[in-house]
Amino acid sequence: MRYISTRGTAPVLTFEQAMLTGLARDGGLYLPESIPTLSKADIAAMAGQSYEDIAFTVMRPFIGDTFTDDQFKHLIAQAYAGFGHAARAPLVQLDSNHFLLELFHGPTLAFKDFAMQLIGQMFEAALTRSGDRVTIVGATSGDTGSAAMEAFRGLDAVDVFILYPHGRVSEVQRRQMTTPTEANVHALAVDGDFDDCQAMVKDMFNDFAFREEVSLAGVNSINWGRVLAQVVYYFSSAVSLGAPHREVSFTVPTGNFGDIFAGYIAQQMGLPIKDLIVATNRNDILHRTLETGSYTKEGVEPTISPSMDIQVSSNFERALFYAYDQDGATVASQMDDLKGGGFQISQGAYQMLKDTFKSGRCSEDETSAAIKTYLAKHGELLCPHTAVGTHVAEAHLGTTPMITLATAHPAKFPDAVNAASGVAAPLPPRMADLYDRPERVTRTANNLADIQSIIKERIAT
Ligand SMILES: *Cc1c(COP(=O)(O)O)cnc(C)c1O
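For clarity, every value in this text was computed on a predicted model and none was experimentally measured.

Peer 1: Honestly, the overall build of the chain in this entry has me stumped. Any pointers?
Peer 2: The number of helices and strands found in the chain is 19 helices and 15 strands. With respect to the principal axes defined by its C-alpha atoms, the chain has extents near 60 × 50 × 50 Å. With 461 residues in all, the chain has 63% of them scored as buried. Looking at the chain alone, contacts between residues at least 24 apart form 75% of all its contacts between residues at least 6 apart. Within the structure as shown, the chain displays about 16,400 Å² of accessible surface, and the carbon and sulfur contribution to it stands at 48%. Looking at the chain, you have 36 positive and 53 negative side-chain charges, and the mean spots of the two groups are 1 Å apart.

Here you go:
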């Protein structure tokens, strides 16, 4: 399986190279040259299988000869061994046709663990084999950073630097990033917003001298390995509700478009998904784009669902690439126009996107109301991101079973959850001492050169 860039001019890579690289050299994102499909019988055979077995079947066609079957099975087993639920991604019924897919039983209580734990295992195996060292630099609105630090802390061949917007992540998210004691993980609190952090990470990848000097690697949601790991739970949950014999729909709380794009891949692989619904908070660029065909940046406003406070949605470029029939030059020119504030999607591409994705938006008041209502009506305490999802899903409930992705545990966002419901969700016992551990963090200006010198200094010692 070979990987190509959404902008058409970067080198074609293997799975291993695409995973270790993250962003393509032409500024694009890697995608498989073609999407493998699973037959109806392959999907039917998943009924009753473990999450790990389903993960192997779904991901195996994408990884080429990067790992042998036995190695890959071992890495998958290691990745999910630390999860706090035997099903890994259990499905909870809310209503006759509405289900919650709980993706928060991993070590940092958000769905990012599904991909990051596996990426950690795959990086370690690949780097041990080659004897190379890499520097991972990532931007986070909260959950990616904690999941990355948890997955990579203590590994020999990797240093991890996480940029997060100072004061704009929840206390639990911050502490998960600032309390690991291992010397190879570094939290950088940037005086800026998430888009500033994400832009600086992109600039570091486009600074080829720096990129070579520190052996830069990326694990942001643009990393194909992460998208791939997320495809698995679309299959496991749909099969448990009767796929491939019955269609299901998904509503996905969305920021960077990684998780919902994984759903699109699942659909292209042959999983019978009726609707894929993008749920945004008031930072609604994706919803506006799907309504109007115009992708236009506006300022980011902080919300109680901070992991979705994003205005430039990196993985949307992958959807655009398919919408434009894999025309990298057109994608590259649209992405160039984005620097000036936005672009208009051509009629044909817009039609494809509208046929593929539905969308809805949830205000702050609606988010709080959903947290309150779902506790009273269904006995489920939702995190604010999940509440955005259930609110949007309600407008789309019908005869097809709807699965809303529960992207984080409510204890990760205790203030918002408590304010909305009057109930504070406790942290699971395995992390109950989080508030007592000492913190270690470097506050930095919103300045690329400063951050690059911090990174160079730290990896030199
Ligand atoms: C990252 C995140 C999201 C958004 O996921 P994307 O893949 O960026 O669309 C939603 N909810 C939570 C809790 C997250 O951590």
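Picking up after the structure, the text goes on.
Peer 1: Hey, could you run me through helix H12 (residues 285–292) in this one?
Peer 2: For H12, a buried count of six out of eight residues is recorded, marking the element as mostly surrounded by other parts of the structure. Taken together, the buried positions of H12 are occupied by Ile-285, Leu-286, His-287, Arg-288, Thr-289 and Leu-290. Those residues of H12 that are buried are in contact with strand E10 (273–280), strand E11 (294–296), helix H13 (316–323), helix H15 (347–356) and strand E13 (357–361).

Peer 1: I keep staring at the sheet that holds strand E5 (residues 134–139) and nothing clicks. Help me out?
Peer 2: Strand pairing in a sheet is mediated by backbone hydrogen bonds. Such pairs are either parallel or antiparallel. As summarised here, the arrangement of the five strands in space is E8-E5-E6-E7-E15, forming an open sheet in which the pairing is parallel. On the outer flanks of this sheet lie strand E8 (216–217) and strand E15 (442–444), each paired with one strand and no other. Two elements, E5 and E8, share two bridges in a ladder whose sense is parallel. Bridge assignment links Ile-136 to a residue of E8, and that residue is Ala-217. In the packing of helix H8 (residues 194–206) onto the sheet, contacts are made with E5, strand E6 (158–165), strand E7 (185–190) and E8, and the angle to E5 comes to roughly 150°.

Peer 1: Can you walk me through the nonpolar core in this structure?
Peer 2: Nonpolar side chains in soluble globular proteins tend to be buried together. Core analysis: the biggest nonpolar cluster contains 114 residues, and Phe-123, Phe-152 and Phe-235 have the highest contact counts within it. Residues Ala-139, Met-204, Phe-210 and Ile-454 belong to the second largest nonpolar core, which totals 22 residues.

Peer 1: Looking at this model, I keep getting lost on the pattern of salt bridges. Mind explaining?
Peer 2: Note on pairing: side chains with opposite charge can pair once their charged atoms come close. Under the defined criterion, the tally for this structure stands at 23 salt bridges. Between Arg-175 and Glu-439 there is a salt bridge, with the nearest N and O atoms lying 3.5 Å from each other. Pair noted here: Arg-175 is in helix H7 (residues 171–178) and Glu-439 is in the loop between helix H18 (414–421) and E15, with a separation of 264 residues, a long-range link. A residue is classified by how much of its surface remains accessible, and Arg-175, at 11% relative accessible area, is buried. One continuous salt-bridge network, built from bridges that share partners, spans Glu-171, Arg-174, Arg-175 and Glu-439.

Peer 1: Help me out: how do you make sense of the environment of Asp-113 in this one?
Peer 2: Inspection of the secondary structure assignment puts Asp-113 in helix H5 (residues 112–130). Classification of Asp-113 as buried rests on a relative accessible area of 0%. For the pair formed by Asp-113 and Val-201, sequence separation is 88 residues and the distance between their alpha carbons is 21 Å. Beyond its immediate sequence surroundings of up to four residues, Asp-113 is in contact with Phe-83, Gly-106, Pro-107, Thr-108 and Ala-147. A distance of 2.7 Å separates the side chain of Asp-113 from the backbone nitrogen of Thr-108, its partner in a polar contact.

Peer 1: Would you mind going over the sheet that holds strand E4 (residues 98–102) with me for this structure?
Peer 2: Ordered in space as E3-E4-E14-E9-E10-E13, the six strands form an open sheet in which the pairing is mixed. Both outer strands of the open sheet, strand E3 (91–95) and E13, are each paired with one neighbouring strand and no more. Each strand axis lies, on average, 25° off the axis of its neighbour in the sheet, ignoring direction. Relative to strand E14 (residues 402–406), strand E9 (residues 248–253) runs parallel, the two being bridged by three bridges.

Peer 1: Teacher, can you tell me more about the pairing of E4 here?
Peer 2: The two faces of a sheet get side chains in turn, since along a regular strand they alternate between them. Along E4, five of the five residues are buried, which leaves the element largely enclosed by surrounding structure. Of the two faces of E4, the one lined by His-98, Leu-100 and Glu-102 and the one lined by Phe-99 and Leu-101 are each fully buried. Direction of pairing for E3 relative to E4: antiparallel, over a ladder of four bridges. Bridge assignment links Gln-93 to a residue of E4, and that residue is Phe-99. Here E3 hands over to E4 after two residues, the two strands then running antiparallel side by side.

Peer 1: Looking at this structure, how should I read the environment of Val-58?
Peer 2: Relative to the elements of secondary structure, Val-58 occurs in helix H3 (residues 51–59). Residue classification places Val-58 among the buried residues on the basis of a relative accessible area of 0%. Considered as a pair, Val-58 and Gln-230 are 172 residues apart in the sequence and their alpha carbons are 10 Å apart. Excluding its chain neighbours within four sequence positions, the residues that come into contact with Val-58 are Leu-38, Met-46, Val-231, Val-232, Phe-235 and Met-269.

Peer 1: Is there a simple way to think about the packing of aromatic side chains in this case?
Peer 2: A complete count under the given rule lists 23 aromatic pairs for this structure. On the numbers, 6.3 Å between centres and 0° between planes, the contact of Phe-67 with Phe-72 is stacked. Comparing Phe-67 with Phe-72 shows no difference in burial state: the two are buried. Ring centres of Tyr-234 and Phe-250 lie 4.7 Å apart, and the angle between their planes is 65°; on these two criteria the pair is classed as edge-to-face. One end of the pair, Tyr-234, is in helix H10 (residues 224–240); the other, Phe-250, is in strand E9, and 16 residues separate them in sequence. In textbook terms, an aromatic cluster arises when at least three aromatic residues are bridged by ring pairs, as seen for Phe-257, Phe-261, Tyr-264, Tyr-295, Phe-316, Phe-321, Tyr-322, Phe-343 and Phe-357. Between the NZ or CZ atom of Arg-25 and the centre of the ring of Phe-208, over which it lies, the distance is 4.6 Å. The ring of Phe-56 is capped by Lys-73, whose NZ or CZ atom sits 4.7 Å from the centre of that ring.

Peer 1: Help me understand the site of the ligand, please; the structure alone is not making it clear to me.
Peer 2: Taken together, 15 residues are adjacent to the ligand, and Lys-112, Asp-143, Gly-255, Asn-256 and Thr-407 come closest. Within the side chain of Asp-143, a nitrogen or oxygen atom sits 2.4 Å from an oxygen atom of the ligand. Here an oxygen atom of the ligand sits 2.8 Å away from a polar atom, N or O, in the main chain of Asn-256. In isolation the ligand has 380 Å² of accessible area, and contact with the protein removes 97% of it. Of the residues in the shell around the ligand, the class split is five nonpolar, seven polar and three charged.

About the thresholds
- Within any chain, residue numbers begin from 1 and follow the written order of that chain's sequence.
- For a predicted model such as this one, the threshold for reporting local features is a pLDDT of at least 70, and the threshold for listing and counting side-chain atom pairs is 80 or more; totals across whole chains, interfaces and linings nevertheless cover every residue.
- For the side-chain quantities, the full set of heavy atoms in the structure was used; hydrogens and water were omitted.
- Put simply, DSSP H or I for four residues or longer makes a helix, DSSP E for two residues or longer makes a strand, and each gets a number counted from the N terminus.
- The rule is simple: take the accessible area with a 1.4 Å probe, protein chains only, and divide by the maximum for that residue type; under 20% is buried, over 50% is exposed, in between is partly exposed.
- Residue contacts are counted whenever heavy atoms from the two residues lie within 4.5 Å of one another.
- Under the convention used here, a 1.4 Å probe and the Shrake-Rupley method define accessible areas, while residue burial counts only the protein chains that appear.
- We count Lys and Arg on the positive side and Asp and Glu on the negative side, and we leave His and both chain ends out.
- Here the site of a charge means NZ on Lys, CZ on Arg, CG on Asp, or CD on Glu.
- Two strands pair if DSSP finds at least two bridges between them.
- In this analysis, axes come from line fits to C-alpha atoms, helices being fitted only over the stretch in contact, and the angle between any two N-to-C directions falls in the range 0 to 180 degrees.
- Take the buried Ala, Val, Leu, Ile, Met, Phe, Trp, Tyr and Cys residues and link them wherever side-chain atoms come within 4.5 Å; each set so joined is a nonpolar core.
- The working definition used for a salt bridge is a side-chain nitrogen of Lys or Arg within 4 Å of a carboxyl oxygen of Asp or Glu.
- Polar contacts, as used here, are pairs of N or O atoms within 3.5 Å; protein pairs need one atom able to donate a hydrogen and one able to accept it. Residues neighboring in sequence count only if both atoms are side-chain atoms.
- Any pair of Phe, Tyr and Trp rings, taking the six-membered ring for Trp, is counted once the centres come within 6.5 Å. Such a pair is stacked with planes under 30 degrees apart, edge-to-face with planes over 60 apart, and tilted for the rest.
- For a Lys NZ or an Arg CZ to count as sitting over a ring, it must be within 6 Å of the ring centre and within 35 degrees of the ring normal.
- Residues are labelled near a given molecule or strand when at least one of their non-hydrogen atoms is within 4 Å of it.
- The residue classification treats Ala, Val, Leu, Ile, Met, Phe, Trp, Tyr, Cys and Pro as nonpolar and Asp, Glu, Lys and Arg as charged. All others, Gly included, are polar.

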